[in-house]
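One-letter residues, chain by chain:
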Amino acid sequence: MSHAPAAARAELIISIGVLLLGLGASVVAWRLPEAGGYARIGPNFMPKIVSAAISLLGVWLLAETFGGGFRARVPDDPQERGEHAFLASAFAWVSAGLIAQMALIQTGGFVIAAAVLFACVARGFGSPRWLRDLAIGLLLALLVFMFFVHFLNVNLPAGWLQPVLGAAGI
């Protein structure tokens with residue numbers, strides 16, 4: 001595949017930009033206070049890891065750029081990329097699910113709100129079996145709820161399921 005000069009220039013700019021971002025993040029991360037406590041891992045540990053990873057990604061992208069260009073480039077033609085036309089109904093279902101979740105989270109509780117969101121998103125993606133999707137959403141939301149409440153000790157609203165879930169989510 002031949003490489004257009006504009007594409008090669010864009011790849012070089014992206015590569016240098018990612019490398020500079022990683023180097024800048026490294027400078028910031030190394031300036032954070034150590035204060036590691038007994039574990040010797042302080043607030044600068046993860047920023048150092050992330051900045052190093054971004055820097056390595058920048059070096060890798062530069063190597064790809066000078067080695068013939070980025071591999072598996074995305075085609076310019078939308079049909080070749082497999083893009084589909086905008087579906088207003090899908091957008092409406094997903095948006096309705098998000099709005100319903102926001103409206104239900106305090107009164108209906110986390111499990112009900114997440115299940116409704118799951119069912120609406122599934123419908124937006126073309127699933128006609130709303131009852132099955134709601135049941136799957138309830139199961140997944142209940143598992144997530146229990147994980148957060150019991151293992152992470154995060155209180156989520158139980159809402160209408162308070163009699164069933166007990167004092168798990170207050």
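The structure we're discussing is the one just above.
What counts as what
Residues numbered from 1 in each chain as written. Predicted model: local features only at pLDDT ≥ 70, side-chain atom pairs only at ≥ 80, totals over all residues. Heavy atoms only, no water. Helix = DSSP H or I, 4+ residues; strand = E, 2+ residues; numbered from the N terminus. Rg over C-alpha atoms; globule rule 2.2 N^0.38 Å. Buried < 20%, exposed > 50% of the residue type's maximum accessible area, 1.4 Å probe, protein only. Contact = heavy atoms within 4.5 Å. Areas by Shrake-Rupley, 256 points an atom, 1.4 Å probe, with all protein chains shown as cover. Lys, Arg positive; Asp, Glu negative; His and termini not counted. Charge placed at Lys NZ, Arg CZ, Asp CG, Glu CD. Core = buried A, V, L, I, M, F, W, Y, C linked by side-chain atoms within 4.5 Å. Axes fitted to C-alpha atoms, helices over the stretch in contact; angles between N-to-C directions. Parallel < 35°, antiparallel > 145°, perpendicular 65-115°, else oblique. Left-handed = near helix turned anticlockwise from the far one by under 90°. Phe/Tyr/Trp six-rings, centres within 6.5 Å; stacked < 30°, edge-to-face > 60°. Lys NZ or Arg CZ within 6 Å of the ring centre and 35° of its normal. Expected span 1.5 Å × (residues − 1). Salt bridge = Lys/Arg side-chain N within 4 Å of Asp/Glu carboxyl O. Arc of directions from axis to C-beta.

## Re the overall build of the protein chain
Moving on, step 1. Scanning the protein chain for helices and strands turns up seven helices and zero strands.
Moving on, step 2. Ordered by position in the sequence, the α and β elements of the protein chain form the string α-α-α-α-α-α-α.
Moving on, step 3. For the protein chain, whose C-alpha radius of gyration is 24 Å, the value lies well above the compact-globule estimate of 15 Å for 170 residues.
Moving on, step 4. Expressed as a percentage of its 170 residues, the buried residues of the protein chain come to 28%.
Moving on, step 5. Taking as baseline every contact in the protein chain between residues at least 6 positions apart, the subset at least 24 positions apart corresponds to 51%.
Moving on, step 6. Looking at the protein chain as shown, the accessible area adds up to about 11700 Å², and 73% of this sits on carbon and sulfur atoms.
Moving on, step 7. The distance from the centre of the 10 positive side-chain charges to the centre of the 8 negative ones in the protein chain is 9 Å.

## A look at the nonpolar core
Here is a general trend for soluble globular proteins: nonpolar side chains tend to be buried in one another's company.
Moving on, step 1. Ranked by size, the top nonpolar core spans nine residues in total: F110, V111, A114, A141, F145, V149, L156, A158 and L165.
Moving on, step 2. For this core, the elements supplying multiple residues, two or more each, are α5 (110-124) and α6 (130-151).

## Description of the packing of helix α1 (residues 5-31) against helix α2 (residues 45-66)
Moving on, step 1. At a minimum axis distance of 8 Å, the contact between α1 and α2 shows a crossing angle of 160°. Relative to α2, the element α1 lies roughly antiparallel. α1 and α2 meet at a crossing whose hand is left-handed.

## A word on the packing of aromatic side chains
Moving on, step 1. Evaluated as defined, the whole model comprises four aromatic pairs.
Moving on, step 2. Relative to F91, the ring of F86 has its centre 5.8 Å away and its plane inclined at 50°; by these criteria the two rings are tilted. In terms of burial, F86 and F91 fall into one category: exposed.
Moving on, step 3. For the ring pair F147 and F148, a centre distance of 6.0 Å and an interplane angle of 85° mean the geometry is edge-to-face.
Moving on, step 4. In this structure F147 comes out as partly exposed when scored by relative accessible area, which is 41%.
Moving on, step 5. On the basis of relative accessible area, F148 is assigned to the partly exposed category, the value being 31%.
Moving on, step 6. Over the ring of W30 we find K48, and its NZ or CZ is 3.6 Å from the ring centre.

## Some remarks on α6
Moving on, step 1. Here α6 contains 22 residues, and its C-alpha end-to-end distance of 31 Å stays within 8% of the 32 Å for a straight helix at 1.5 Å per residue.
Moving on, step 2. In the core, the buried residues of α6 are packed alongside α5 and α7 (162-165).
Moving on, step 3. In the stretch just after α6, N153 is the one whose phi turns positive, near 60°.

## Considerations on the pattern of salt bridges
Two side chains carrying opposite charge are able to pair once their charged atoms lie near each other.
Moving on, step 1. If you walk through the whole model with that rule in mind, you get one salt bridge.
Moving on, step 2. As a salt-bridge pair, R132 and D133 come within 3.0 Å of each other at their nearest N and O atoms.
Moving on, step 3. Accessibility expressed as a relative area gives 3% for D133, which makes it buried.

## Brief notes about helix α4 (residues 88-104)
Moving on, step 1. Its 17 residues give α4 an end-to-end C-alpha distance of 24 Å, which sits within 8% of 24 Å, the value for a rise of 1.5 Å per residue.
Moving on, step 2. Among all positions in α4, only A90, G97, A100 and L104 are buried. Buried residues of α4 fall within an arc of 95° about the axis and therefore sit on the same side. Looking at α4, the residues exposed on the side facing more than 90 degrees away from the buried face are F91, I99, M102 and A103.
Moving on, step 3. The inward-facing, buried residues of α4 contact α5.

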